[in-house]
Amino acid sequence: MSSVESTAEQIQDMLGDLGGFTRVGENAFVARRGSAVVAIRLESDGEEDTVVHIEANVVEAAVLDAEILRQLLEFNHGSAWGSFGVSDDGTITVHHCLLGSTLSKEGLQHVVIEVARIADDWDDVIIEQAGGKTAIERLEELKQKPATTVTPTIEPAKAEEDA
């Protein structure tokens, strides 16, 4: 068993007390916490350990001006439990990493709770100042979108129509 697989099994046991987490795939877990969705994602560090990413999307589609970005950086400067980032598509995230080899149940649960609290508290602040949508609002929108149907573009052969 690889270190990532072993850590995934440990995490599944450690998350029991927190409740609500669903394992998605071999190396990821997700749960709703307030208006945030917290994800735990595992990856090899390239050596013999596992990096445990605890992260949440905070706000999507906000207008990222200098004032908002300054506030996020100031938070990062003073935070011990997670830092803000901006993904390629402009989604504001909060993220914290732990090492699988030093993982404890109490440490993991504490970081999960803090990342969720930060995301849930800050999404309101950011949306008030810069617009956008919470992770939960975005998921609800995606659920409500009708499935697209594909219209065939190839016409049946003339011979088949005449038969």
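From a predicted model like this one, the values you see are computed outputs, not experimental measurements.

1. A look at the sheet that holds strand 2 (residues 28-33)
Right, on to step 1. Ordered by their spatial adjacency, six strands build an open sheet running 1-2-3-4-6-5, and the pairing between neighbours is antiparallel. Single-partner strands in this sheet number two, and they are strand 1 (22-23) and strand 5 (83-86).
Right, on to step 2. Note: strand 3 (residues 36-44) against strand 4 (residues 50-59), eight bridges, orientation antiparallel. Across the sheet, the residue bridging to Val38 is Ala56, located in strand 4.
Right, on to step 3. In the packing of helix 1 (residues 3-14) onto the sheet, the strands contacted are strand 1, strand 2, strand 3 and strand 4, and the crossing angle to strand 3 comes to about 150°.
Right, on to step 4. Against the sheet, helix 2 (residues 66-78) makes contact with strand 5 and strand 6 (92-99), and its axis sits at roughly 145° relative to strand 5, the strand it touches most.

2. A closer look at the pattern of salt bridges
Right, on to step 1. If you walk through the whole model with that rule in mind, you get 12 salt bridges.
Right, on to step 2. As a salt-bridge pair, Arg117 and Glu114 come within 2.7 Å of each other at their nearest N and O atoms. One end of the pair is Arg117 and the other is Glu114, both in helix 3 (residues 105-130) and three residues apart, which spans about a single turn.
Right, on to step 3. Here Glu114 falls in the buried class, since its relative accessible area comes to 14%.
Right, on to step 4. Of the charged contacts, one joins Glu140 and Lys143 as a salt bridge, the two residues approaching to 3.5 Å between their closest N and O atoms. With Glu140 and Lys143 both in helix 4 (residues 135-144) and three residues apart, the pair spans about one turn of that helix.
Right, on to step 5. Shared partners join several salt bridges into a network, and the residues in it are Glu60, Lys133, Arg138 and Glu141.

Reading the values: rules and limits
- Just so you know, the residues in each chain are numbered from 1, in the order the chain's sequence is written.
- Only residues with pLDDT of 70 or above have their local features reported here, since the model is predicted, and side-chain atom pairs are shown and tallied only from 80 upward, although totals for entire chains, interfaces and linings are computed over all residues.
- As a convention, hydrogens and water are excluded, and side-chain values are obtained from all of the structure's heavy atoms.
- Pairing between strands is defined by DSSP: at least two bridges between them are needed.
- In DSSP terms, a helix is any run of H or I states spanning at least four residues, a strand is any run of E spanning at least two, and both are numbered starting from the N terminus.
- Residues are treated as being in contact if the distance between any of their heavy atoms lies within 4.5 Å.
- Helix axes are fitted only over the stretch in contact, all axes being lines through C-alpha atoms; the angle between N-to-C directions runs from 0 to 180 degrees.
- Any carboxyl oxygen of Asp or Glu within 4 Å of a side-chain nitrogen of Lys or Arg constitutes a salt bridge here.
- A 1.4 Å probe rolled over the protein chains alone gives each residue an accessible area, and that area as a share of the maximum for its type sets the label: buried under 20%, exposed over 50%, partly exposed in between.

Interpretation note: all reported values are geometric properties and have no functional meaning in isolation.
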